[in-house]
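# Coordinate inspection notes
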Amino acid sequence: MSSKIFTFEDVAKHNHKNDCWLIINGKAYDVTPFLDDHPGGDEVLLTSTAKDATIDFEDVGHSDSAVEMMQKYLVGEVDTNTLPAKAKHNPPPPTLAPSSSNQSSAGFVLQFLQYVLPLLILGFAFALQYYGKKTKPEEN
């Protein structure tokens, strides 16, 4: 069985609810009859039209049965030379982390305060109690 070969432009024309084709792994699929049955809803499929939806399809992690089911929607191959060039994904530059010396000194100060602050509060409470008794006038 020879498969029909479509250009990207041919497949991209089928991009609405009444006529929905997807390009996945270099093959064209007419998923129009499946729109209402798709577990993720028809909007997921419709947003994957007019582009190479291979990454969208693979990112979801479809089951083996879903991959097998696709065969009944196969309408042909797509001439990969007609696919638009993939936009180069440039991840945002990493933000500069604070230097390790600042991090370790801040961590040390915080750890130090966790132990010293309760001791200072306890010492203050004892000092108030001790000096509070001495400043009271003696009763006769």
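Residues numbered from 1 in each chain as written. Predicted model: local features only at pLDDT ≥ 70, side-chain atom pairs only at ≥ 80, totals over all residues. Heavy atoms only, no water.

Following the sequence through the fold, Thr-49 ends up in the loop between helix 2 (42-46) and helix 3 (54-60). Here Thr-49 falls in the buried class, since its relative accessible area comes to 10%. Within the structure, Thr-49 has its side chain in polar contact with the backbone oxygen of Leu-46 (distance 2.9 Å). (Helix = DSSP H or I, 4+ residues; strand = E, 2+ residues; numbered from the N terminus. Buried < 20%, exposed > 50% of the residue type's maximum accessible area, 1.4 Å probe, protein only. Polar contact = N/O pair within 3.5 Å; in protein donor to acceptor, adjacent residues only side chain to side chain.)

Turning next to the nonpolar core. Ranked by size, the top nonpolar core spans 13 residues in total, and within it Ile-24, Tyr-29, Val-31 and Leu-45 carry the most contacts. Those elements that place two or more of their residues in this core are strand 3 (19-24) and helix 2. Broken down by element, this core gets its largest block of residues, three residues, from strand 3. When residues no more than four places from it in sequence are discounted, the contact partners of Val-31 are Cys-20, Leu-22, Leu-45 and Tyr-73. Grouped together as the second largest cluster of nonpolar side chains are nine residues, Phe-6, Phe-8, Val-11 and Val-78 included. (Core = buried A, V, L, I, M, F, W, Y, C linked by side-chain atoms within 4.5 Å. Contact = heavy atoms within 4.5 Å.)

A positive phi is found at Asn-25, a non-glycine position, where the angle reads about 50°. Inspection of the secondary structure puts Asn-25 in the loop between strand 3 and strand 4 (27-30). Within the chain, Ala-50 stands out as a residue other than glycine whose phi angle is a positive 60°. Looking at the element boundaries, Ala-50 is found in the loop between helix 2 and helix 3.

Take it as geometry only, folks, not as evidence of what the structure does.
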